[in-house]
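# Fold and contact review
Residues per chain, in single letters:
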Amino acid sequence: MRPLLIASGVLLVVLGVIAAARDGFPFSRDEPGHGAHPDHDDHGHDHTKGPRIAWLLYVPALLLLLFAPPALGSYTASRDDTATTSGAGTFPALSAEDPLALSVSEFSSRADWDTGTSLRGRTVRLTGFVTPGSHGTWYLTRLIVTCCAADATALKVEMHGATALPSDAWVTVTGTWRPTGKIGTDSARPALDTATVERIAEPGDPYKDLARITTP
């Protein structure tokens, strides 16, 4: 949809400039009229133009254009329940790579729903940002956006054995799966016993959690 959205945006800007030029940019002064005119009142005021204060509507638009809002982060994730990502069953076998690089979504799916427990005993590497929890806990989080920020859902993996970095810090962690609850039920939650935590720069697309189904 990007090309169509860009074309629509350009068209709207052009039409806005044309309308502004026609009406007098940034505004026009009302000139006293003489005689009767269907678009003027008895005092010679032109009612074909909108009120001048309407130009203030440009202010929020320009602010959004010049100052992009920050990416969604821990504030949003901490107020969102962890998303479920799959259904119970047996998942494809994992590769022999060690540590095994997985997306947060795939790790969460396997931790919650893989009845074959393919994560057992495997050292994995995950990337996400820090979301603080209660009682000193913290989560490695990714936000998945399907359409826009309004539908963002949080995928969170509870971290054990390491001190949390500041909220919203991006990190790559290695560790082993910590089973919690019965797989295939709501009691199962993705968790990791951490071995290393490395702070990294925020990725260019913070909402893109690349699923990686690794096979032998």
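All figures in this text were calculated on a predicted structure; none of them were measured in a lab. Residue indices follow the written sequence of each chain, beginning from 1 at its first position. The predicted origin of the model limits local features to residues at a pLDDT of at least 70 and limits the giving and counting of side-chain atom pairs to 80 or more, whereas totals for whole chains, interfaces and linings rest on all residues. Only hydrogens and water are set aside; all other atoms, that is, all heavy atoms of the structure, feed into the side-chain values.

### Regarding helix α4 (residues 104-113)
Heads up, the rule is: Burial status follows relative accessibility: with a 1.4 Å probe on protein chains alone, a residue under 20% of its type maximum counts as buried, one over 50% as exposed, and anything between as partly exposed. The helix and strand labels rest on DSSP assignments: H or I over at least four residues marks a helix, E over at least two residues marks a strand, and numbering proceeds from the N terminus. Any pair of residues with heavy atoms lying within 4.5 Å of one another is described as a contacting pair.
Within α4, 10 of the 10 residues are buried, which leaves the element mostly enclosed by the surrounding structure. When we look at burial in α4, the residues that qualify are Val-104, Ser-105, Glu-106, Phe-107, Ser-108, Ser-109, Arg-110, Ala-111, Asp-112 and Trp-113. Among the structural elements, β2 (123-132), β3 (138-144), β4 (153-160), β5 (170-177) and β6 (191-200) are those in contact with the buried residues of α4.

### Brief notes about a nonpolar patch on the surface
This is how the line gets drawn: Distance thresholds for patches are 9 Å for like charges and 5 Å for nonpolar side chains (Val, Leu, Ile, Met, Phe, Trp, Tyr), applied to residues having over 30% relative accessible area and no salt bridge. Each accessible area is a Shrake-Rupley estimate made with a 1.4 Å probe; only the visible protein chains count as cover when residues are assessed. Salt bridges are defined by distance alone: a side-chain nitrogen of Lys or Arg within 4 Å of a carboxyl oxygen of Asp or Glu.
A contiguous nonpolar surface patch, about 980 Å² in accessible area, is contributed by Ile-53, Leu-56, Tyr-58, Val-59, Leu-62, Leu-63, Leu-65, Leu-66 and Phe-67. With respect to the element layout, Leu-62 can be found in helix α2 (residues 58-66). With relative accessibility at 45%, the residue Leu-62 sits in the partly exposed group.

### Remarks on the packing of aromatic side chains
Using the following cut-off: In this analysis, rings of Phe, Tyr and Trp, with Trp reduced to its six-membered ring, are considered paired at centre separations within 6.5 Å, and the interplanar angle assigns stacked below 30 degrees, edge-to-face beyond 60, and tilted for intermediate values. To sit over a ring, a charge needs its Lys NZ or Arg CZ within 6 Å of the ring centre and within 35 degrees of the ring normal.
According to the stated counting rule, one finds one aromatic pair in the structure shown. For Lys-156, the ring lying beneath its charged end belongs to Tyr-139, and the centroid distance is 5.4 Å.

### Observations concerning the environment of Leu-126
Looking at the secondary structure, you find Leu-126 in strand β2. What makes Leu-126 buried here is its relative accessible area of 0%. Through-space distance from the C-alpha of Leu-126 to that of Leu-140 is 8.2 Å; in sequence the pair is 14 residues apart.

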